[in-house]
Amino acid sequence: MPAYATMPFHLETERLTLRPWAVSDAAEFSALLAERGKGTPPVERIRTSIAELLAATETSGIALLPIQRRVEGDFIGYCGLIVGRATLEEPEIAYELFQRVHGCGYATEAAGAVLEAAAATGRKRLWSTVGTWNTASLRVLEKHGFERDRVSMEENGEVVWLTRTLP
């Protein structure tokens, strides 16, 4: 297995800051997950999830990072690299934002910063998996040069697998 550089864990764009998780993110992270329509996860469980994310980052060298708007300073979601359905050598890019900020280009902006960070690790390819119903996420990925690889059927419906070669 090739050795990869550690992904930068502090990323800035024109409007956003992506940074490591803090325990203080738990309540807002819980509220974000509640928008999925499956109830609000207990904040204490989310604190445990944050600790697990930080531990995984320490061992893997890749991270899912909270997104804050630079001017407002508010938590609006997350974006980063995960193993997910892929591998540490070819991880997945993942993102989720509060519905109140959908349509503002934040996912596209954050994903661009994460793509640069992924390329800086020396990786050659990334994956993403998205429900076929999620046209907005598919558009974000297509803007960044991801191409459809295949479609699979999963418990929650059809999933599009996309891939992108890194420079």
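A brief report on the enclosed structure follows. Quick caveat, the model's predicted, so the values are computed rather than measured.

Some remarks on the packing of aromatic side chains
Item 1. Inspection of every chain in the model, using the stated rule, returns five aromatic pairs.
Item 2. Between the aromatic rings of tryptophan 21 and phenylalanine 75, the centroid separation amounts to 6.0 Å while the plane-to-plane angle is 50 degrees, which identifies the pairing as tilted. Of this pair, tryptophan 21 sits in the loop between β2 (16-18) and α1 (26-34) while phenylalanine 75 sits in strand β4 (residues 75-82), and the two are 54 residues apart along the sequence. In this structure, tryptophan 21 and phenylalanine 75 share a single accessibility class: buried.
Item 3. With 5.9 Å between their ring centres and 75 degrees between their planes, phenylalanine 29 and tyrosine 78 make a pair best called edge-to-face. In this pair, phenylalanine 29 sits in helix α1 while tyrosine 78 sits in strand β4, placing the two residues 49 residues apart along the sequence.
Item 4. An aromatic cluster is built from Trp21, Phe29, Phe75, Tyr78 and Phe98, whose rings are joined through pairwise contacts.
Item 5. Above the plane of the ring of tyrosine 4 lies arginine 123, whose end atom (NZ or CZ) is 4.3 Å from the centre.
Item 6. Residue placement shows arginine 150 over the ring face of tryptophan 161; its charged tip is 4.0 Å from the ring centre.

Rules used throughout
- Residues numbered from 1 in each chain as written.
- Predicted model: local features only at pLDDT ≥ 70, side-chain atom pairs only at ≥ 80, totals over all residues.
- Heavy atoms only, no water.
- Phe/Tyr/Trp six-rings, centres within 6.5 Å; stacked < 30°, edge-to-face > 60°.
- Helix = DSSP H or I, 4+ residues; strand = E, 2+ residues; numbered from the N terminus.
- Buried < 20%, exposed > 50% of the residue type's maximum accessible area, 1.4 Å probe, protein only.
- Lys NZ or Arg CZ within 6 Å of the ring centre and 35° of its normal.

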